[in-house]
Amino acid sequence: MKRKTLLGLVLLSTVSFISCKQEKKADPVVSPSTEQTATPQPETAVDTVALKKQIEQEKETLCKPYNEDEDAQAKLNELVAQAKKEGKYVFVQAGGNWCIWCLRFNDFVQKTPELKQIVDQNFVYYHLNYSQKNKNKAVFNAYAPNARGIGYPFFFVLDGNGEVTNIISSGELEEGKGYSLEKVKQMFIDQAPKK
């Protein structure tokens, strides 16, 4: 009895495994009553090679603001001192030149006059590099240890004493293939020093 049960389980598992491995599309079931009203479903397959090529082409057109060779902690120390002197905060955009969303955000801020004005009036802006060449582990651990898993870019704000006032995910600011002007503008306004 045990042997038959075991053999049955093995056979059932094998059949289930094989059926899971098959990628055959099932034909849609159309009943006679809905045959004339059924509409074909669009293909949602993505050509990843073409998409990667398109992203690489877009990257070529965008400024590369991240410096892999820079001593990030020394630069942040310098920028915090400058921000304190000017009555501003340091706005840190964490990411890398490999990240299309990081490059898009930088381009969006730099080319949108009303955002650029808010940034220039309230912040000293810094692009904190994260790449295979330079992960800046010590800096990320010091300022944003809980930001792992947020995705890039993410942002953090330092006051004139070098203290983190907030860590912000960029995901909530996205809109289509770019960023929402209203959401980004409000984010900068909310993070600005209270004068």
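First, a word on scope: everything that follows refers to the structure included in this document. Here the structure is a predicted model, which is why all the values come from computation and not from measurement.

Reading the values: rules and limits
Residues numbered from 1 in each chain as written. Predicted model: local features only at pLDDT ≥ 70, side-chain atom pairs only at ≥ 80, totals over all residues. Heavy atoms only, no water. Helix = DSSP H or I, 4+ residues; strand = E, 2+ residues; numbered from the N terminus. Buried < 20%, exposed > 50% of the residue type's maximum accessible area, 1.4 Å probe, protein only. Contact = heavy atoms within 4.5 Å. Areas by Shrake-Rupley, 256 points an atom, 1.4 Å probe, with all protein chains shown as cover. Axes fitted to C-alpha atoms, helices over the stretch in contact; angles between N-to-C directions. Parallel < 35°, antiparallel > 145°, perpendicular 65-115°, else oblique. Nonpolar A, V, L, I, M, F, W, Y, C, P; charged D, E, K, R; others polar. Salt bridge = Lys/Arg side-chain N within 4 Å of Asp/Glu carboxyl O. Disulfide = S-S within 2.5 Å. Expected span 1.5 Å × (residues − 1). Pairing = 2+ DSSP bridges.

### As for the overall build of the protein
In terms of helices and strands, the protein carries 7 helices and 6 strands. Evaluated residue by residue, the protein yields a buried proportion of 34% over its 195 residues. The contacts in the protein between residues at least 6 apart in sequence include a share of 69% that link residues at least 24 apart. Roughly 13,200 Å² of accessible area belongs to the protein as shown, and the carbon and sulfur atoms make up 54% of that amount.

### Focus: the packing of helix 4 (residues 100-111) against helix 7 (residues 181-191)
Where helix 4 contacts helix 7, the two axes come as close as 12 Å, and the packing angle between them is 80°. Regarding the angle of helix 4 to helix 7, the classification is roughly perpendicular. For the pair helix 4 and helix 7, contact is made by Phe-105, Phe-108 and Val-109 and by Leu-181, Val-184, Met-187 and Phe-188, respectively. Taken together, the residues of the contact of helix 4 with helix 7 sort by class into 7 nonpolar, no polar and no charged.

### A short note on the packing of helix 5 (residues 113-122) against helix 7
Here helix 5 crosses helix 7 at 10°, and the two axes come no closer than 10 Å. Taken together, the axes of helix 5 and helix 7 are roughly parallel relative to one another. Here Glu-114, Leu-115, Ile-118 and Val-119 of helix 5 come into contact with helix 7, specifically with Leu-181, Val-184, Lys-185, Phe-188 and Ile-189. Considering only residue class, the contact of helix 5 with helix 7 consists of 7 nonpolar, no polar and 2 charged.

### A word on the side chain of Asn-134
In this fold, Asn-134 is placed in the loop between strand 2 (123-129) and helix 6 (137-143). Asn-134 sits in the buried class, given a relative accessible area of 17%. Discounting chain neighbours no more than four positions away, the residues touching Asn-134 are Glu-68, Glu-70 and Asn-129.

### Notes on the pattern of salt bridges
A complete count under the given rule lists 8 salt bridges for this structure. Glu-86 is the partner of Lys-88 in a salt bridge, and the nearest nitrogen-oxygen pair spans 3.3 Å. Between Lys-111 and Asp-107 there is a salt bridge whose closest N-O contact spans 3.0 Å. Taken as a pair, Lys-111 and Asp-107 lie in helix 4 at a separation of 4 residues, close to a single helical turn.

### Describing the state of the cysteines
Structurally, a disulfide amounts to a covalent bond that connects the sulfur atoms of two cysteines. Under the criterion given, the structure shown has 1 disulfide. Across the disulfide, Cys-99 is cross-linked to Cys-102 (sulfur-sulfur distance 2.5 Å). Sign of the S-S torsion, about 80° for the bond between Cys-99 and Cys-102, identifies this disulfide as right-handed. In terms of burial, Cys-99 and Cys-102 fall into one category: buried.

### A look at helix 4
It helps to recall that an α-helix has 3.6 residues per turn; residues three or four apart then point in one direction. Look at helix 4: 16 Å from first C-alpha to last across 12 residues, which is about the 16 Å you get at 1.5 Å a residue. Of the positions making up helix 4, those classed as buried are Ile-100, Cys-102, Leu-103, Arg-104, Phe-105, Asn-106, Phe-108 and Val-109.

### Considerations on the pairing of strand 1 (residues 89-95)
Across the 7 residues of strand 1, 6 count as buried, placing the element largely inside the fold. Here 7 bridges tie strand 1 to strand 2, and the two strands are oriented parallel to one another. Opposite Gly-95, over in strand 2, you have Asn-129 as the bridge partner.

### Details of the environment of Pro-153
Here Pro-153 is to be found in the loop between helix 6 and strand 3 (154-158). In sequence terms Pro-153 and Val-92 are 61 residues apart; their C-alpha atoms lie 9.8 Å from each other. When near neighbours in sequence (up to four residues on either side) are disregarded, Pro-153 contacts Gln-93, Ala-94, Cys-99, Trp-101, Cys-102, Phe-105, Ser-170 and Tyr-179.

### So, the environment of Gln-186
Along the chain, the position of Gln-186 falls in helix 7. In the structure, Gln-186 is positioned 71 residues away from Leu-115 in sequence and 9.6 Å away in space, judged by C-alpha atoms.

The analysis is restricted to geometry; functional conclusions fall outside its scope.
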